[in-house]
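# Fold and contact review
Listed below, chain by chain, are the residues.
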Amino acid sequence: AQASGYAGQVKCRKHGERYIEFKCRFCCEVATFFCFGHTHFCEGCHLKWTQGAHTKPASLVKPCACQEKHPPSGTTAASEHCYGCSLCRIATKDSAPI
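The structure contained in this document is the topic of the report that follows. Because the structure is predicted, anything quoted here is derived from the model rather than measured. (Residues numbered from 1 in each chain as written. Predicted model: local features only at pLDDT ≥ 70, side-chain atom pairs only at ≥ 80, totals over all residues. Heavy atoms only, no water.)

## Observations regarding the nonpolar core
Counting 10 residues, the largest nonpolar core consists of Cys24, Phe26, Cys27, Cys35, Phe41, Cys42, Cys45, Trp49, Ala53 and Leu60. Those residues in contact with Cys45, other than ones at most four positions away along the chain, are Cys24, Phe26, Cys27, Leu60 and Lys62. Counting residues in hydrophobic clusters, the runner-up holds 8 residues, among them Ala31, Cys82, Cys85 and Cys88. (Core = buried A, V, L, I, M, F, W, Y, C linked by side-chain atoms within 4.5 Å. Buried < 20%, exposed > 50% of the residue type's maximum accessible area, 1.4 Å probe, protein only. Contact = heavy atoms within 4.5 Å.)

Structure representation (structure tokens):
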């Protein structure tokens, strides 16, 4: 019961849309904010963005620190990625965080 990628329908066959997780556009953390209708942010990157990093978005980009396959972090829509359904991930990976 995996979700499809960002470009397609983002819906788990078992749990719907409610538990879908996206990566932060700028790093590998799970996104907690969705801004401007197109950008996913984690808590840390969102805070830095509001404190002035929006003038230099590339300053937020961090190298991959996770074991998930995803596009490289960056400043464009190509860096958006759906991690899938958090409930399915927890069930299949013994509650391992991303």
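## With respect to the pattern of salt bridges
Applying the stated rule across the entire model yields 2 salt bridges. With a shortest N-O distance of 2.9 Å, Arg89 and Glu21 are connected by a salt bridge. A residue pair is termed long-range when its members are at least 10 positions apart, and Arg89 in helix 2 (residues 86–92) and Glu21 in strand 1 (residues 20–22) qualify at 68 residues. The salt bridge involving Arg25 is made with Glu80; its shortest N-O contact spans 2.8 Å. (Salt bridge = Lys/Arg side-chain N within 4 Å of Asp/Glu carboxyl O. Helix = DSSP H or I, 4+ residues; strand = E, 2+ residues; numbered from the N terminus.)

## Quick notes on the packing of aromatic side chains
All told, the structure shown has 5 aromatic pairs when counted by the stated rule. A centroid spacing of 6.2 Å and a plane angle of 75° characterise the contact between Phe36 and Phe41, whose relative ring orientation is edge-to-face. Under the relative-accessibility criterion, Phe36 is labelled exposed at 52%. For Phe41, a relative accessible area of 0% translates into the label buried. Three or more aromatic residues joined by ring pairs form one cluster here, namely Phe26, Phe36, Phe41 and Trp49. (Phe/Tyr/Trp six-rings, centres within 6.5 Å; stacked < 30°, edge-to-face > 60°.)

## A few points about the side chain of Glu80
Here Glu80 is to be found in the loop between helix 1 (43–50) and strand 4 (82–85). At a separation of 2.4 Å, a polar atom in the side chain of Glu80 contacts the side chain of His40. (Polar contact = N/O pair within 3.5 Å; in protein donor to acceptor, adjacent residues only side chain to side chain.)

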